[in-house]
Structures are given as structure tokens and as C-alpha cells.
Amino acid sequence: MLDSASELIKLQESGDITAAQIVQKAISNIESSDETINAFTHVDAERALDIAKKIDTRRAAGQPLGPLAGVPIAVKDNLCSADMPTTCSSRMLENFRPPYDATVVTKLREADAIIIGKTNLDEFAMGASTETSYFGTTRNPWDTTRTPGGSSGGSAAAVAAGYVPMSLGSDTGGSIRQPAAFCGITGLKPTYGRVSRYGLIAFASSLDQVGPMAWSAADVALLLQATAGFEPRDSTSLNQSVPNYSEILTTSDLRGIKIGVLGESSLSGQLDPAIRKAVDDASEVFRSCGAEMVEINLPHSEYWVPTYYVIAPCEASSNLSRYEGAHYGHRTDSIDRTSEHGPLVSAYCRSRDEGFGAEVKRRIMVGTYGLSEGYADKFYNQALKVRRLIKNDFDAAYSQCDLMLGPVTPTSAFLIGEKTDDPIQMYLCDLFTVGANLAGLPAISLPAGLDDNGLPVGIQLQAPALEESRLLFAAGAFQSTTHHHQQRPRPIA
């Protein structure tokens, strides 16, 4: 019932279902199994039902409604919402209630979507498994012994578990696309600046981007349409017109489209055979739709992860410096008034020590070192120079093709706890996704079948800046030819 937002909109318009019935079903599903999945940090059932009844009243009175009227949606808990907590899944912000809505939240309300609740994430969006949340681990609905990916694991799991038909995530190094692949759904990271970051709690400001997650490209297009656009309060927002994304999802004819397939030198030889087969099979599907397939290599792809893991921690250390317990965030109750540095410094240190988890502390320390006097040129500024070379690689590639096809992740969903003691292995989950963030480009993760363990595998399409339409055009053709996006996990016991 909650698989398709597009279908729910049609059913309401035909009078076959009401918004209140839809929301009641969403709440019932959450109550039945989210104690196991732990996709949500906060659910406001009463408010959601109240909004749904008002939408039904307005519909019955013939009043105009927004394009997402009556559709329940989940929002990642690093996007500010004035009527719910916004915690970033951290003790540091456990009791924070923002005084304002993020721009994307405002746009959802204007579209008459119904925000059911806020979803779990790796603390401050720093992770690839949703295991570092202060509110506990989120589990993958396909296999609850495995991670849903991260950091938008709660948003992906909420869709895959059938709680909501669509959700919002954020993507700093792959945090929409990787959990989408692990949970068998579709997730899009827009061009940097296409969707406003106003009200998104910053992790790495030059990389963060908000984007949609749903089962199909059609629903992703609906949600992108509702949330994209210029925001004058966001200095990184692009003042560009927003195309009609749904109009382009009407054909499977890709004649005239040239798709570059990442060659061996760009794949680093670390692909699971099931992922490699999914990419090869997808290549044949696109060829059968009329696309011309060519091999593409990105010479500096081996530097994506090391460059990302200099830039992102440096920006995180700067952004998170505000949380010291005095102006923002958790404040300790145990100030050491005999400290040699004085009670104020003691309060800062203990508040941060108690408020942040281990992974966040690790990244702050790495970033602070990278920005420290005498080292900024050696690390951060050097990484920015490499980032320019990476961007040049993408520019050169798009002079030869319209889109790029490749994997999202090296493997399917891994076991909970499998990588928590090895940060390097966890960081390598971002091997194929961080390139788009470093270059500021759009990319989409599409379901591409199941591996031998019955777990979803995904493929990734990437496009030049502001070409989300081209991504969705090809994604729609792929999903009109295949049925991978219609596969569902077994109901959770």
C-alpha cells in the first residue's frame, strides 16, 4: 500500500482512499516493526493524523492541494523542523528543538506532504552503517543482522520496511546512494546547490547535499520537484530554473545517449562479483534501450577517498567547534573547578567529551590536525588542489559521454559490527560515491537485482552538473525495462 507515492496521489484523487487512512497505515506499520528496525528517532503520529484529516477536509471542499497532498514522508534527523526534535542522532543535540524549518521541510509542508517523523543516522552523518547513532543501530529490512548503510540508513530503511513511500536524506560522501543500494531502493544526490542546504546541520559544507529516496525513479522525481529550487538565505544555492522532472519519465528509448562505463583502472579491482555482474547486466539493458556504451577512465579516481577524508574531517572540525556546551549543545554537569586550565575550559572539554561519540571525535581530531598551523598547506590546501584534478577528470569524461555507469558500493550490505573496529574498511564503503561529491555533480543509485544471499545490489549513474533530468530519463528507461525496483523484502516478523 505504501510502495508508491504516485499511486497514493492517484488513489486519493479518485476517492478510493483518504489521507487519514494512508497515515493510519503508515503509523500501524511503524508500530508493528520499528522496534526491530529502529528507522525513526522520533514519530509524531497524532500531528500527522491531524494534518491528514485537514487535507481530506480541504479535498472534500474542492480546495486546491499541493502536489504531494496526503503522502507520508520521513525526514532525516539532521534537517531542522520546528515541530519536532532535530538531534543529528547525537547526545550533543539530544534535546534540541530548532526555532525554524529547513527550506526543504518548508517546501514539503507547502506541497501538503505529511511528515511522519525524523529518521536515524550515523551521528552527525559521519558513517556508512548507521551504527554510530546515539539512539541505537538501524537494521536492514532485507536482513536484520545487516546494516542498512549510512549515514541516511534510517531514511532508506523507512522506505524499504514499508513505513513511508519516500524520504529525505543527505549525501556528503555517498550517504543517500549507499544506503539506497543496500536497501534496494532508488536514491538521488542532486548537484551541489540544486536543493537548498538551509536548515541542514552542517557536516562538511562544501560536500553536503539534500536529496530524495523512494522505490522508483518516478517517485524520486516527484520529491526532487517539490524540494529543488533557489533559496536566497543559502549562499551555496543555485539560482537556476527547475525542469519538470516527471515529464521526462515517459520513454525507454535512449537512442542518441552515450553512456560511459567505468573501466578497470577506475574500479580499483575491489568489486564483489555480484556487483560487477549487476553493472555488466545494466550495461546490456542500456544498450538494448538504444544507448551507445563506451569505456571511460578517471585517472585520479584512486585519490577520491584520501582526498575526501582530508577535506570532510577538516570542514567537520570547523563546523562542530560551535558545540561546546555554552552556546550550543549538551552541557556537562561535572565541571572540574580545580582544573589547571580553569572551570570554563573544563566545561568545554567535558561537554564535548560527553556529547560526541567516538567516530565524531576521531574525525574532529583528524580535521583539527589537518587545519593546524603549519599543516593546512600540507593537507587541506593540497587536498583542494587534488579535488580540482578530480573535477577536471569528470569534465574530460563528459566531453566523451552524456552519463557514466558504475557501481555504488564494493559489496552488498555487510553484517552489523563487521567493520566497526576497522575505520579504514568502513571508509572504503565510499570508494565509488565520493567522486560525485568532490566534483559537486548529481548521481543516482538504482536497484539492480539481488546477490546470492538475497541482498539488494545497486548501480550508479552520474551526470554533469544540473543534469538531474538526464539522470532520471535514463533511470526511468532502466526501470521501465527491468523490475528490480519492484522487489521487496519479506515482512518483518
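As the structure is a prediction and not an experimental result, all values here were calculated from the model.

## Considering the overall build of the protein
Move 1: Counting secondary structure elements, the protein contains 16 helices and 11 strands.
Move 2: The buried share of the protein, reckoned over its 493 residues, is 59%.
Move 3: Partitioning the contacts of the protein with sequence separation of at least 6, the portion at a separation of at least 24 is 76%.
Move 4: Of the accessible surface of the protein, which amounts to about 19,000 Å², a share of 49% is contributed by carbon and sulfur atoms.
Move 5: Charge-centre separation for the protein: the mean point of 42 positive side chains lies 3 Å from the mean point of 57 negative side chains.

## Quick word on the UniProt feature "active site" (unreviewed entry) in the protein
Move 1: This chain's UniProt record puts "active site" (unreviewed entry) on Lys 76, Ser 151 and Ser 175. These annotated residues cover 100 residues of sequence, and their C-alpha atoms lie no more than 11.0 Å from one another, placing them together at a single site.
Move 2: Assessed through its relative accessible area of 0%, Ser 151 is described here as buried.
Move 3: Residues within four places of Ser 151 in sequence aside, it is in contact with Lys 76, Asn 120, Leu 121, Asp 122, Ala 125, Met 126, Gly 127, Thr 130 and Ser 175.
Move 4: At a separation of 2.7 Å, a polar atom in the side chain of Ser 151 contacts the side chain of Lys 76.

## A few points about the pattern of salt bridges
Move 1: Under the criterion given, the structure shown has 22 salt bridges.
Move 2: Between Arg 488 and Asp 3 there is a salt bridge, with the nearest N and O atoms lying 3.0 Å from each other. With Arg 488 in the segment after α16 (468-481) and Asp 3 in the segment before α1 (5-13), this pair connects stretches of sequence that are 485 residues apart.
Move 3: The partner of Glu 359 in a salt bridge is Arg 362, and the shortest N-O contact between them spans 2.3 Å. With a gap of 3 residues between them, Glu 359 and Arg 362 both fall in helix α12 (residues 358-371), about one helical turn apart.
Move 4: Relative accessible area serves as the criterion here: at 33%, Arg 362 is assigned to the partly exposed category.
Move 5: Residues joined by salt bridges that share partners form a network here, namely Asp 44, Arg 47, Asp 83, Asp 101 and Arg 109.

## Comments concerning the packing of helix α4 (residues 103-110) against helix α7 (residues 217-227)
Move 1: At a closest axis distance of 8 Å, the pairing of α4 and α7 adopts a crossing angle of 110°. In terms of orientation, α4 and α7 fall into the roughly perpendicular class. Side by side, α4 and α7 meet where Val 104, Lys 107 and Leu 108 of the first sit next to Leu 223, Ala 226 and Thr 227 of the second.

## As for the packing of aromatic side chains
Move 1: What the rule picks out here adds up to 15 aromatic pairs.
Move 2: Ring geometry for Phe 124 and Phe 356: centres 5.9 Å apart, planes at 65°, overall edge-to-face. Of the two residues, Phe 124 is situated in the loop between β3 (114-119) and α5 (153-160) and Phe 356 in the loop between α11 (343-355) and α12; the sequence distance between them amounts to 232 residues.
Move 3: Classification of Phe 356 by relative accessible area gives buried; the value is 5%.
Move 4: On the basis of an interplanar angle of 20° and a centroid distance of 5.7 Å, the ring pair of Trp 304 and Phe 394 is categorised as stacked. One end of the pair, Trp 304, is in helix α10 (residues 304-319); the other, Phe 394, is in helix α13 (residues 380-397), and 90 residues separate them in sequence. The two residues Trp 304 and Phe 394 agree in class, both being buried.
Move 5: Put simply, the rings of Phe 124, Tyr 323 and Phe 356 touch in pairs and so form one group of aromatic residues.
Move 6: A cation over an aromatic ring shows up here: Arg 488 above the ring of Trp 215, its NZ or CZ 3.7 Å from the ring centre.

## A short note on the sheet that holds β3
Move 1: Reading across from one edge, β1-β3-β2-β4-β6-β5-β10-β11-β9-β7-β8 is the order of the 11 strands in this open sheet, with mixed pairing throughout. Every other strand in the sheet has two partners, leaving β1 (40-43) and β8 (292-296) as the edge strands with one partner each. Ignoring which end each strand starts from, the neighbouring axes of this sheet average 25° apart.
Move 2: Along the sheet face, α16 touches β5 (186-189), β9 (403-407), β10 (443-450) and β11 (456-462) and points at about 15° away from the line of β10.

## Structural notes on the side chain of Thr 103
Move 1: Within the secondary structure, Thr 103 is located in helix α4.
Move 2: The exposure class of Thr 103 is buried, given its relative accessible area of 5%.
Move 3: A polar atom in the side chain of Thr 103 sits 2.7 Å from the side chain of Glu 231.
Move 4: Ignoring anything within four residues of it in the chain, the contact list for Thr 103 reads Ser 196, Tyr 198, Glu 231 and Arg 233.

## What to know about the nonpolar core
Move 1: Formed by 111 residues in total, the largest nonpolar core has its most connected members in Leu 68, Phe 124, Phe 286, Leu 405 and Ile 459.
Move 2: Aside from chain neighbours lying at most four places away, what touches Phe 286 is Leu 254, Ile 259, Ala 291, Met 293, Leu 405, Ile 459, Leu 461, Ala 474 and Phe 478.
Move 3: Of all hydrophobic cores here, the second largest spans 36 residues; its members include Ile 37, Ala 39, Ala 74 and Ala 160.

## Structural notes on α12
Move 1: Across its 14 residues, α12 extends 20 Å between first and last C-alpha, which sits within 8% of the 20 Å expected from 1.5 Å per residue.
Move 2: Along α12, the residues classified as buried are Glu 359, Val 360, Arg 363, Ile 364, Gly 367 and Gly 370. Projection of α12 onto a plane perpendicular to its axis shows the buried side chains occupying an angular sector of 135°, all on one side. For α12, exposure combined with an orientation more than 90 degrees from the buried face picks out Ala 358 and Met 365.
Move 3: In this structure, the buried residues of α12 make contact with α10, α11, α13 and α14 (423-427).

## With respect to the packing of α1 against α7
Move 1: For the pair α1 and α7, interaxial distance at closest approach is 8 Å and the crossing angle is 75°. On the basis of their axis angle, the class for α1 and α7 is roughly perpendicular. Where α1 abuts α7, its residues Ala 5, Ser 6 and Ile 9 lie against Ala 218, Asp 219 and Leu 222.
Move 2: Its residues assigned to classes, the contact of α1 with α7 shows 4 nonpolar, 1 polar and 1 charged.

## Points about the state of the cysteines
Move 1: In the structure shown here, the tally under the stated rule is 0 disulfides.
Move 2: A disulfide-free cysteine, Cys 429 has its sulfur positioned 13 Å from the sulfur of Cys 183, the nearest such atom.
Move 3: Here Cys 429 falls in the buried class, since its relative accessible area comes to 6%.

About the cut-offs
Residues numbered from 1 in each chain as written. Predicted model: local features only at pLDDT ≥ 70, side-chain atom pairs only at ≥ 80, totals over all residues. Heavy atoms only, no water. Helix = DSSP H or I, 4+ residues; strand = E, 2+ residues; numbered from the N terminus. Buried < 20%, exposed > 50% of the residue type's maximum accessible area, 1.4 Å probe, protein only. Contact = heavy atoms within 4.5 Å. Areas by Shrake-Rupley, 256 points an atom, 1.4 Å probe, with all protein chains shown as cover. Lys, Arg positive; Asp, Glu negative; His and termini not counted. Charge placed at Lys NZ, Arg CZ, Asp CG, Glu CD. UniProt positions renumbered as here; feature names shortened; annotations may be inferred. Polar contact = N/O pair within 3.5 Å; in protein donor to acceptor, adjacent residues only side chain to side chain. Salt bridge = Lys/Arg side-chain N within 4 Å of Asp/Glu carboxyl O. Axes fitted to C-alpha atoms, helices over the stretch in contact; angles between N-to-C directions. Parallel < 35°, antiparallel > 145°, perpendicular 65-115°, else oblique. Phe/Tyr/Trp six-rings, centres within 6.5 Å; stacked < 30°, edge-to-face > 60°. Lys NZ or Arg CZ within 6 Å of the ring centre and 35° of its normal. Pairing = 2+ DSSP bridges. Core = buried A, V, L, I, M, F, W, Y, C linked by side-chain atoms within 4.5 Å. Expected span 1.5 Å × (residues − 1). Arc of directions from axis to C-beta. Nonpolar A, V, L, I, M, F, W, Y, C, P; charged D, E, K, R; others polar. Disulfide = S-S within 2.5 Å.

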